[in-house]
Every structure is written in C-alpha cells, then in structure tokens.
Amino acid sequence: MVFHARGLSKTYVMGEVEVHALRDIDLDIREGEFVVLLGPSGSGKSTLLNILGGLDAPTSGEARWRDHDLVNAGEAELTRYRREHVGFVFQFYNLIPSLTVLENVELVQEIAEKPFDPRAALALVGLTERLDHFPSQLSGGEQQRVAVARAIAKSPDVLLCDEPTGALDYDTGKLVLAAIARVNEQLGTTTVIITHNAAIAGMADRVLKLGGGRIVGEERNECRLSPEELRW
Ligand SMILES: Nc1ncnc2c1ncn2[C@@H]1O[C@H](COP(=O)(O)OP(=O)(O)OP(=O)(O)O)[C@@H](O)[C@H]1O
C-alpha cells in the first residue's frame, strides 16, 4: 500500500462552531490504483485529498505515503513531498496566461527531480498540435489537459485531481478524463479523483463514497470502463 491512513479526523473550529470535516477515516491505496472519491458537497472529499497531498494536516489520526509521515512532517518536509511526488489538478486550470502551452509545462519540469519530457506529457493528453498556443486560445477542456500535462511533467508518483471536470461540458470532460486514465495506465501513476458525478466511478478500480466526513460505501469495479463508455 502506498497510502495508509488510520483514524483520520479533521475538525475546523470557528468560534463556537465545530465543523467535523472528516471523522475517523481508515484508508489504504495501493500503488498504481485509480480511486474515485464520490460524495455530496461538504462530505469531506477535498479535505481528505488535501491531507493525502500534504496540503493540510488532520486534527488526529495517522497518514503515510510510503515512509513519509504526512501528519507529523514539518512544512519543509511536506513541501519536498509535494514537489517530488505529487501532481495536482484542480477544477480551475491556473495556467500562466503569458506563457505558451509548452512553456507552461516546461516550467514545472525545470524544478523537477525526475523530469518527464514536456512534449511527451503533452502528447499523452493529446495536445501535440497546440504547443505554441497561449491558454486564451484554448478551450476549457484543452486548458485542463495542459494542466494535466503540467502535473505529470515531474513524473509524480501520485496524481490528485479535485473536480477536474467540474467546469467542463460533457464531451470536453470526457477528453480530460481520458487523459487522466491514460496517465494512470501508461505511467502507473497512483490516481485519486474527486467528483460529484457518480458516472465517473465506472472508470475507477475502486470507488469510495463519502458522507458526513465518513467513508459510507466502497465498491470495486471488476473491469474499468474507458471514459468513452461512461454515460451521464
Ligand atoms: N478552512 C475551513 N474552515 C472551516 N470549515 C471548512 C474549511 N474547509 C472545509 N470546511 C468544512 O468542512 C466540510 C468538508 O469540506 P470539504 O471541502 O472537504 O467537502 P467536499 O466534499 O470537498 O465539498 P465540495 O464537493 O463542495 O467541494 C464542509 O462542511 C466545509 O464547510
């Protein structure tokens, strides 16, 4: 198992109010696994993903990625963990508007320990034709695929995606999901995707359902569907 978490809880205290974002989560994720986190708004999905990505710390419990302790690590160690091992994709693409597609991806590669050829990363997401374009010349789905290429340009061991298709229409969303699936299959990158969309669950090895800060359901798919086969 690459991720190992036990008794993860996260409580936000705001004045007199306590928000229990995560309650006693146990979680194991194996190397190369494709996991979908499904659940309604406020169920704790982003909080859990952020802890796995070393962006946030739980209030209690343990969480490890391989031999990295993600709970007791200091800021510098977490920064190193994120930089060396984790690629993030968020709902909004956060590309640098004044740089071309290729330059946006090259930028990450420059600080990477194990750089992955930016052109190969862009080929993997199907954007070889658009290397010299600026983000404003691309559709939302194309920009999100650049964001996926950027996330993998440092050969991350883990790809964490928070609502990667949340801002996209049906067909464009599928192209982005296909790019993420290809990264998982061809590079063996352990992948966790957050979504509200239950149909996306079909492309996962395993689906974890969150509700009220707990894991309320878990399903394993015998065979994974390709994004083209998903319907919603
Ligand atoms: N920084 C914060 N301060 C206070 N409460 C927070 C904070 N971050 C999250 N919460 C609360 O924790 C709970 C879980 O939030 P989280 O963002 O993890 O849910 P989510 O399932 O990802 O929701 P969504 O699908 O809407 O993004 C929510 O009730 C949220 O309001």
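Residues numbered from 1 in each chain as written. Predicted model: local features only at pLDDT ≥ 70, side-chain atom pairs only at ≥ 80, totals over all residues.

As annotated in an unreviewed UniProt entry, the chain is ABC transport system ATP-binding protein from Kaistia dalseonensis. Note on the chain: under the UniProt heading Sequence similarities (unreviewed entry), the record states "Belongs to the ABC transporter superfamily." (UniProt positions renumbered as here; feature names shortened; annotations may be inferred.)

Participant: I'm lost on the overall build of the chain in this one. Help?
Facilitator: When helices and strands are counted, the chain shows six helices and ten strands. In terms of C-alpha radius of gyration, the chain reaches 17 Å, essentially the compact-globule figure of 17 Å for 232 residues. Summarising its shape, the C-alpha atoms of the chain cover approximately 50 × 40 × 35 Å along the three principal directions. Looking at the chain as a whole, 42% of its 232 residues are labelled buried. Expressed as a percentage of contacts within the chain between residues at least 6 apart in sequence, the contacts between residues at least 24 apart total 70%. (Helix = DSSP H or I, 4+ residues; strand = E, 2+ residues; numbered from the N terminus. Rg over C-alpha atoms; globule rule 2.2 N^0.38 Å. Buried ≥ 20, exposed ≤ 12 C-beta atoms within 10 Å, placed from the backbone. Contact = placed C-beta atoms within 7 Å.)

Participant: In this structure, what is going on with helix α3 (residues 101-110)? I would like to understand it.
Facilitator: In an α-helix there are 3.6 residues to a turn, and that puts residues three or four apart on one side. Burial in α3 covers these residues: Val101, Asn104, Val105 and Val108. The buried residues of α3 all sit within an arc of 90° when viewed along its axis, so they share a single face. (Arc of directions from axis to C-beta.)

Participant: Can you help me understand the environment of arginine 182 in this one?
Facilitator: Tracing the backbone through its elements, the reader meets arginine 182 in helix α6 (residues 170-187). Taking C-alpha positions, arginine 182 is 7.1 Å from leucine 124, a pair spaced 58 residues apart along the chain.

Participant: Could you clarify how one ought to interpret the sheet that holds strand β4 (residues 60-65) in this entry?
Facilitator: Strand pairs in the sheet, formed through backbone hydrogen bonds, run parallel or antiparallel to each other. In spatial order, the strands read β2-β1-β4-β5; together these four strands make up an open sheet with antiparallel pairing. Two strands in the sheet have a free side with no partner beyond their single neighbour: β2 (17-29) and β5 (68-69). Sheet topology places strand β1 (residues 3-14) next to β2; nine bridges connect them, and they run antiparallel. In the strand pairing of β2, phenylalanine 3 is matched with isoleucine 29. Running over the sheet, helix α1 (residues 45-52) touches β1, β2 and β4 and is turned about 55° from β2. (Pairing = 2+ DSSP bridges. Axes fitted to C-alpha atoms, helices over the stretch in contact; angles between N-to-C directions.)

Participant: What am I meant to see in the UniProt feature "domain: ABC transporter" (unreviewed entry) in the chain here?
Facilitator: With numbering aligned to this structure, UniProt lists the feature "domain: ABC transporter" (unreviewed entry) at residues 3-230. Helix makes up 29% of residues 3-230 and strand 29%, with an end-to-end C-alpha separation of 28 Å.

Participant: Just checking my understanding: could you explain α1 for this structure?
Facilitator: With respect to burial, α1 is a largely interior element, six of its eight residues being buried. Within α1 the residues assigned to the buried category are Lys45, Thr47, Leu48, Leu49, Ile51 and Leu52. Glycine 54, located one to two residues past α1, shows a positive phi value of around 70°.

Participant: So what exactly am I meant to see when it comes to unusual backbone geometry here?
Facilitator: A negative phi holds for most residues other than glycine; trans holds for most peptide bonds. Positive phi outside glycine occurs at asparagine 94, with the angle close to 55°. For serine 155, which is not glycine, the phi dihedral falls at a positive 45°. If you trace the backbone, serine 155 turns up in the loop between α5 (140-152) and β7 (158-162). On the basis of neighbour count, serine 155 is assigned to the partly exposed category, with 18 C-beta atoms found within 10 Å.

Participant: Before we go on, may I ask you to explain the environment of arginine 23 in this structure?
Facilitator: Looking at the secondary structure, you find arginine 23 in strand β2. Sequence separation between arginine 23 and glycine 39 is 16 residues, and the spatial gap between their C-alpha atoms is 14 Å. When residues no more than four places from it in sequence are discounted, the contact partners of arginine 23 are Ser9, Gly213 and Arg214.

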